[in-house]
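Geometric and topological summary
Take a look at the letters that make up each chain.
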Amino acid sequence: MPVGLAITAVIVAAVVAGVGLSRLLSRPTRAAPSACYVATSGSRDTYTLTPDQAQNAAIVAAVALKQGLPDHAVTVALATSLRESHLRDLPYGDRDSVGLFQQRPSQGWGTRSQLLDPVYATAAFYHRLTQVPGWQTMPVTEAAQSVQRSATPLAYAAWEAEGRALAAALTGEAPAGFTCHLTGFSGPPPLTDALDAAAASEMGSLMLATPVSEKLGWEVASWAVAHAWRYHIPRVTVAGWRWTASSGRWTHYGSVTAASTTTVQVAYPS
């Protein structure tokens with residue numbers, strides 16, 4: 001049957017069945033779920049995360065900033081968490097393992113409730129990582145295994161590329177490398193000072209609306225975008241760029257002033 005006749009037949013059948021033509025051609029489509037994306041310059045790979053995964057990844061980067069650790073530590077930690085839990089704060093695991101890094105209370109990592117706090121769990125990971133001699137120059141998978149003591153020591157290598165891309169975007173090495181497209185927000189609006197409290201807890205100080213270096217500005221901006229779903233943030237601006245939750249993109253928004261190049265502005269929920 002010719003294509004034109006086939007389409008006509010479908011429409012006629014729909015009308016006969018009681019489905020109006022306008023209804024047939026304009027049925028609503030299900031909105032795409034909220035998601036976050038990471039892409040770095042020079043790479044064709046784009047990685048997709050859920051908003052929860054994105055926030056956990058940003059916490060991993062923020063705690064390293066708080067402790068004054070180099071970006072390599074972030075790459076190691078992210079590759080480890082991707083392997084162990086896919087950046088999810090799991091309340092279960094092998095034997096008594098829980099959390100982002102599947103740490104075990106019975107192995108001295110902390111209590112179960114502590115390890116289910118991503119900030120605590122990340123700090124605990126970094127504490128052990130920095131006890132490993134030469135970790136700063138170790139390959140990612142070797143450094144991760146030195147901390148985790150996994151039965152599958154080579155498994156971390158499979159997550160190195162994604163961990164490195166995430167680290168580059170979330171530490172400001174790759175400006176505008178991290179974004180989220182949000183079709184809604186999580187739960188009821190948070191308390192007005194909740195985002196500030198999270199920033200102080202995770203990064204060590206409140207760096208929003210505070211002059212910082214451009215690289216640090218992009219790290220703080222990416223942190224804010226990664227927390228947008230949980231804290232109902234509709235807009236973030238930095239260095240002459242603006243991100244909006246509805247568009248999911250970074251775009252130029254006007255002339256760059258000395259202040260806008262170093263200050264992250266967040267539109268707080270009303």
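Quick summary incoming for the structure in this document.

What counts, and where the lines are drawn
Residues numbered from 1 in each chain as written. Predicted model: local features only at pLDDT ≥ 70, side-chain atom pairs only at ≥ 80, totals over all residues. Heavy atoms only, no water. Helix = DSSP H or I, 4+ residues; strand = E, 2+ residues; numbered from the N terminus. Buried < 20%, exposed > 50% of the residue type's maximum accessible area, 1.4 Å probe, protein only. Salt bridge = Lys/Arg side-chain N within 4 Å of Asp/Glu carboxyl O. Axes fitted to C-alpha atoms, helices over the stretch in contact; angles between N-to-C directions. Parallel < 35°, antiparallel > 145°, perpendicular 65-115°, else oblique. Left-handed = near helix turned anticlockwise from the far one by under 90°. Contact = heavy atoms within 4.5 Å. Nonpolar A, V, L, I, M, F, W, Y, C, P; charged D, E, K, R; others polar.

1. Some thoughts on unusual backbone geometry
The phi dihedral of glutamine 102 falls on the positive side, at around 55 degrees, and the residue is not glycine. Assignment of secondary structure puts glutamine 102 in the loop between α4 (71-85) and α5 (112-115). In this structure, histidine 232 takes a positive phi of about 60 degrees despite not being glycine. Mapped onto the fold, histidine 232 is located in the loop between α11 (228-231) and β4 (235-238). Accessibility expressed as a relative area gives 10% for histidine 232, which makes it buried.

2. Points about the pattern of salt bridges
What the rule picks out here adds up to 5 salt bridges. As a salt-bridge pair, aspartate 71 and lysine 215 come within 3.4 Å of each other at their nearest N and O atoms. With a gap of 144 residues between them, aspartate 71 in helix α4 and lysine 215 in helix α10 (residues 214-226) connect regions that are remote in the sequence. In this structure, the salt-bridge partner of aspartate 94 is arginine 95, at a minimum N-O distance of 3.4 Å. On the basis of relative accessibility, which here comes to 65%, the residue arginine 95 falls in the exposed class.

3. Let's talk about the packing of α4 against helix α6 (residues 118-129)
Following both chains from N to C, one finds α4 and α6 inclined at 120 degrees, their axes separated by 11 Å at the closest point. The orientation of α4 with respect to α6, classified from their angle, is oblique. As for the relative orientation of α4 and α6, their crossing is right-handed in sense. Packed against α4, whose contacting residues are Ala73, Val74, Val76, Ala77 and Thr80, the element α6 presents Phe125, Tyr126 and Leu129 at the interface. Class assignment of the residues belonging to the contact of α4 with α6 gives a composition of 7 nonpolar, 1 polar and no charged.

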